[in-house]
Each structure stands twice: as structure tokens, then as C-alpha cells.
Amino acid sequence: MTTTLQDCRALDAQDPLRALREQFTLPEGVIYLDGNSLGVLPVATAARVAKAVNEEWGQGLIRSWNSAGWFDAPQRLGDRIARLVGAAPGEVVATDSTSVNLYKALSAALNIAREDAPGRTVLVSERSNFPTDLYIAEALCKERGLRLLLVEPGEIAEALTADVAVLMLTQINYRTGAMHDMDAVTQAAHDAGILTVWDLAHSAGAVPVDLNGAQADFAVGCGYKYLNGGPGAPAFVWAHPKHASRFWQPLAGWWGHAAPFEFSPDYRPAPGIGRFLCGTQPVLGMTALECGLDTVLAAEPMGGMAALRAKSLALTDLFIELVEARCAGHGLGLATPRAHEKRGSQVCLTRSEGAYAIVQALIARGVIGDFRAGDGGTHLDILRFGFTPLYIGFEDVWQAVEHLKQVLDSGEWQQAQFSQKQAVT
Ligand SMILES: *Cc1c(COP(=O)(O)O)cnc(C)c1O
């Protein structure tokens, strides 16, 4: 029996996480299935940022670096992020963008790997990784005369050979939602003498992560997706404590100095993860990110990431069930693995044509997901829907599928205005 609207309302009524939705400002009439790309605005953020502007900046001026906690924000926020990704206090800093943090972490990993084994000259990643990750890796390889080897997910195990220095992977694929087993892949890499760099852009705040449990080497992640930090929020970086102090990172700015206010002409890196800071931090962005982190940590008394994950799986299972039952015959396929342990918090549908226009027609109805062009392999375009259990409910899922069904049944998506491409998809 297919789940009914009444069933969904009952599930919402019984949902122990339901109250967490009150933390967010969701626009009227919108079902937001894009929290994997830009998280929703928390209620607390506007007033908190206004306070940082009017009081801390406006009145406190330069004194606020000390009195308002501006200076240690990267570490303070890093400690909160650590709770979500299985790291200890003092092991994470919030700073810079994911792309920049990846450059620093990958560079450090390559330095360590090549000092320990100079003959290792290959960096391995996945062809379907997010492009910025591949571009950063390509640039680093070019700079250092190394080779970047890109493989398919099923080819990773055989690519872990004696000439590989570092394996760089994004745990959850941005396009399909497929998830790697971090424990098993890290173990396989280590068995072959290879260091691992993990991108947690679609993992942090979406699935339980245990960096120390997996014995991973380096990780980076994003502040504006499931952490609800706002557009362009600072990202984060983690290094295993055994690696954090081994090398300078390449962007050796004064904020990563052991004593920045000595104004010494010589660089002396801060111990541990602090050296991964570069220059003056974006305080207003940090302030908004702190509010975003609070929304995720608010789930801790209700079971934290494990409880959020259980709800996320229930939401995505329901979405798959309803799409297959109610939108059958419309040429939709499923790009996301069905097995729970193999997927993140998004569901990606495929279609050979019209995916962009269908997404636009849904957005016009207030159901916000996004479109990703198919890769060379399948030519199937992707309709991507992210499910953030902090603010998405079971009835939202039912209504989203109802809209999708109406858009397909009526052929509404074929109207000309829905196929005009915009700059950001
Ligand atoms: C979202 C995302 C990024 C974003 O990088 P920015 O530097 O914030 O633009 C990077 N990598 C992956 C895998 C992502 O999903």
C-alpha cells in the first residue's frame, strides 16, 4: 500500500524532531529541497548579525577582536563542527572556502606522503568528483610534477597501487548522492601506504561522520549546505593530530603564525590545526555560520546526528516510494543508490530529456530542487532533491511528489519559459 497524505501527517505528528523546524525562516508556500546546496536561513541569524554589525563593530570597533570573541571564532566554531564529524576539540578550524581549504589540506597531505615515500607520484580521485576538487588537484599536480589519475567509483580499489601518494574523495557524490564507506576506503588506502583527503561538503550535518574512528588523514567541508551558515559561509578543515603539525601549509599567512601579534618577520607556524588559518577572518560570515551550527547542534538532546540520519533516510525512502508509485510511466529513473549505507541525504532522479524544464516548472510552483547535467557516460540529466531533516517533514515530501506528478501529467513543463537557462542552476 502506498503511503497516503494522512499517513504523512501522522508521521509528522509523531516526529520527535519536528520542533527543530521552528528554528528556521521558511518562506510561505515553499517546499525547500535544496538544503544540500544552500541551507535555509535560521530565525536567529538576522538579529545576531545585526548585533555584530551595530554593537560589536559599530560600538566595540577594534576592541571587539578580544571582547566579542572575533579573534578565536575559527577555533570556537571549529570545536562545534568537530562534534558533528567525529573530531576532538582543537582539531578543526572554520575558515576560508572549501576550495581553498582543499588546496591547503591536499598540499599538506602530498608533503607528508612524499617525505615518507618520495617515489609516490600519483594523486587519485574520482572522475565524477565535484569539479572544484578536481581543478585544485590538477593545479597542485601541475605545480609539483605529479600525475592526477581519475577513476570510476568501482575502480578505486585497483587504483591504490605503490606509486600513489594520496587518495582524494568526496564522501557523498554531489550529483548522485552515492556515499563511500569512509572506514573501508581509508583502511584500503592505508593498507597500500596511501593518505586520504576527504571532502565532507555533502556529509557534514547530513550523515554521522567519524573522522577519528575512520583514522582518516585530512578532511574539509562546507559551511553553507547542511550547516546553514548562509551564502559563501566559511568552510572548515581538519587534520589528524598526528599530521597537523608536520608541515607548513602553503598559504602561510599571519593568522596561522604561532604568535601573530609579535609581528615577527619570520614565519613560525601555530601548533596543530591553527596553522591552517591564513589571513583575517570574515567576522560577519563567521557570526552567521555560528547560528547555522546552533541549529544542527540543537538536535543533540534528541539523539543528534544519528536521529537526524534516521529521519533523513525515512524522508528519502518515502520520496523514492512515492515517485515510483505516483509518477510511473513518465520516464524517471533513480540515480541514487537504494541501500541506506550507500547514500547521503539527497535523491537524484534521471530523465533523458526535459529535466531542466521540469525542475523550473517545480520551482515556479514553490518546490525548489535543482538540475545537474548528465555526465558523459549516461547522458541522463539529473533532477536533484536534498532533504534536510531539520526542516523538511513527511507531508512536504508528499506535496512535492504531488507537484511533480501534476507537472508531468499535465505537460506543464513543456511551456517555453521553463527551458530558458539561467546563470546559476
Ligand atoms: C559545494 C562543494 C564545494 C564548494 O566549494 P566552494 O569553495 O565553497 O565553492 C566543493 N566541493 C564539493 C564536493 C562540494 O559539494
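Residues numbered from 1 in each chain as written. Predicted model: local features only at pLDDT ≥ 70, side-chain atom pairs only at ≥ 80, totals over all residues. Heavy atoms only, no water.

1. Quick word on the environment of Ser245
Then comes step 1: In this fold, Ser245 is placed in the loop between helix H10 (241-244) and helix H11 (283-297).
Then comes step 2: Residue classification places Ser245 among the partly exposed positions, given a relative accessible area of 41%.
Then comes step 3: With 137 residues separating them in the primary sequence, Ser245 and Ala108 have C-alpha atoms 9.8 Å apart.
Then comes step 4: Filtering out sequence-adjacent residues up to four positions away, Ser245 remains in contact with Pro271, Gly272 and Arg275.
Then comes step 5: Of the polar contacts made by the side chain of Ser245, one reaches the backbone nitrogen of Gly272; its length is 2.9 Å. (Helix = DSSP H or I, 4+ residues; strand = E, 2+ residues; numbered from the N terminus. Buried < 20%, exposed > 50% of the residue type's maximum accessible area, 1.4 Å probe, protein only. Contact = heavy atoms within 4.5 Å. Polar contact = N/O pair within 3.5 Å; in protein donor to acceptor, adjacent residues only side chain to side chain.)

2. A few points about the domain arrangement of the protein
Then comes step 1: The domain architecture assigned to the protein consists of domain 1 (5-42 + 304-419) and domain 2 (71-297).
Then comes step 2: Taken residue by residue, the interface counts 33 residues in domain 1 and 25 residues in domain 2.
Then comes step 3: Between domain 1 and domain 2 lies a buried interface of about 2,200 Å² when both sides are counted; carbon and sulfur atoms form 60% of it.
Then comes step 4: The tally of links from domain 1 across to domain 2 stands at zero salt bridges.
Then comes step 5: For the interface between domain 1 and domain 2, the tally reads nine residue pairs in polar contact (both at pLDDT 80 or more).
Then comes step 6: Those elements that provide at least two residues to the side of domain 1 that touches domain 2 are helix H12 (304-326), strand E10 (346-351) and strand E13 (381-386).
Then comes step 7: A per-class count over the side of domain 1 that touches domain 2 returns 15 nonpolar, eleven polar and seven charged. (Domains from an automatic or database assignment. Buried area = accessible area lost by both parts, 1.4 Å probe. Salt bridge = Lys/Arg side-chain N within 4 Å of Asp/Glu carboxyl O. Nonpolar A, V, L, I, M, F, W, Y, C, P; charged D, E, K, R; others polar.)

3. Topic: the site of the ligand
Then comes step 1: What surrounds the ligand is the set Ser97, Thr98, Ser99, Phe130, Thr132, Asp133, Thr170, Asp199, Ala201, His202, Tyr224 and Lys225.
Then comes step 2: The separation between an oxygen atom of the ligand and a polar side-chain atom of His202 is 3.0 Å.
Then comes step 3: Lys225 places a side-chain nitrogen or oxygen 2.6 Å from an oxygen atom of the ligand.
Then comes step 4: For the ligand, whose unbound accessible area comes to 390 Å², protein coverage reaches 86%.
Then comes step 5: Secondary structure elements with two or more residues in the shell around the ligand: helix H5 (98-116) and helix H6 (131-144).
Then comes step 6: Residue classes in the shell around the ligand are distributed as three nonpolar, six polar and three charged. (Near = heavy atom within 4 Å. Areas by Shrake-Rupley, 256 points an atom, 1.4 Å probe, with all protein chains shown as cover.)

4. Examining H11
Then comes step 1: Relative to the 21 Å expected for 15 residues at 1.5 Å per residue, H11 spans 21 Å between its end C-alpha atoms, a close match to the ideal helical length.
Then comes step 2: Taken across its 15 residues, H11 has twelve buried, putting it largely inside the fold.
Then comes step 3: Listing the buried residues of H11 in full gives Val283, Met286, Thr287, Ala288, Leu289, Glu290, Cys291, Gly292, Leu293, Thr295, Val296 and Leu297.
Then comes step 4: Looking at the packing, one finds that the buried side of H11 touches helix H2 (43-57), helix H3 (64-67), helix H4 (73-85), strand E2 (92-95) and H12. (Expected span 1.5 Å × (residues − 1).)

5. Details of the packing of aromatic side chains
Then comes step 1: One pass over the structure, following the stated rule, counts 14 aromatic pairs.
Then comes step 2: A ring pair is formed by Phe71 and Phe261, whose centres lie 5.9 Å apart and whose planes are at 65°; its orientation type is edge-to-face. In this pair, Phe71 sits in the loop between H3 and H4 while Phe261 sits in the loop between H10 and H11, placing the two residues 190 residues apart along the sequence.
Then comes step 3: Assessed through its relative accessible area of 52%, Phe261 is described here as exposed.
Then comes step 4: Plain terms: the ring middles of Phe319 and Phe387 are 5.1 Å apart, the flat faces sit at 55° to each other, and that makes the pair tilted. Placement of the pair is Phe319 in helix H12 and Phe387 in the loop between E13 and helix H14 (394-410), with a sequence separation of 68 residues. Across the pair, exposure class does not vary: Phe319 and Phe387 are buried alike.
Then comes step 5: Positioned above the aromatic ring of Phe130 is the side chain of Lys225, whose terminal nitrogen or guanidinium carbon lies 5.6 Å from the ring centre.
Then comes step 6: Directly above the aromatic system of Tyr356 lies the positively charged group of Lys421, at a separation of 4.9 Å from the ring centroid. (Phe/Tyr/Trp six-rings, centres within 6.5 Å; stacked < 30°, edge-to-face > 60°. Lys NZ or Arg CZ within 6 Å of the ring centre and 35° of its normal.)

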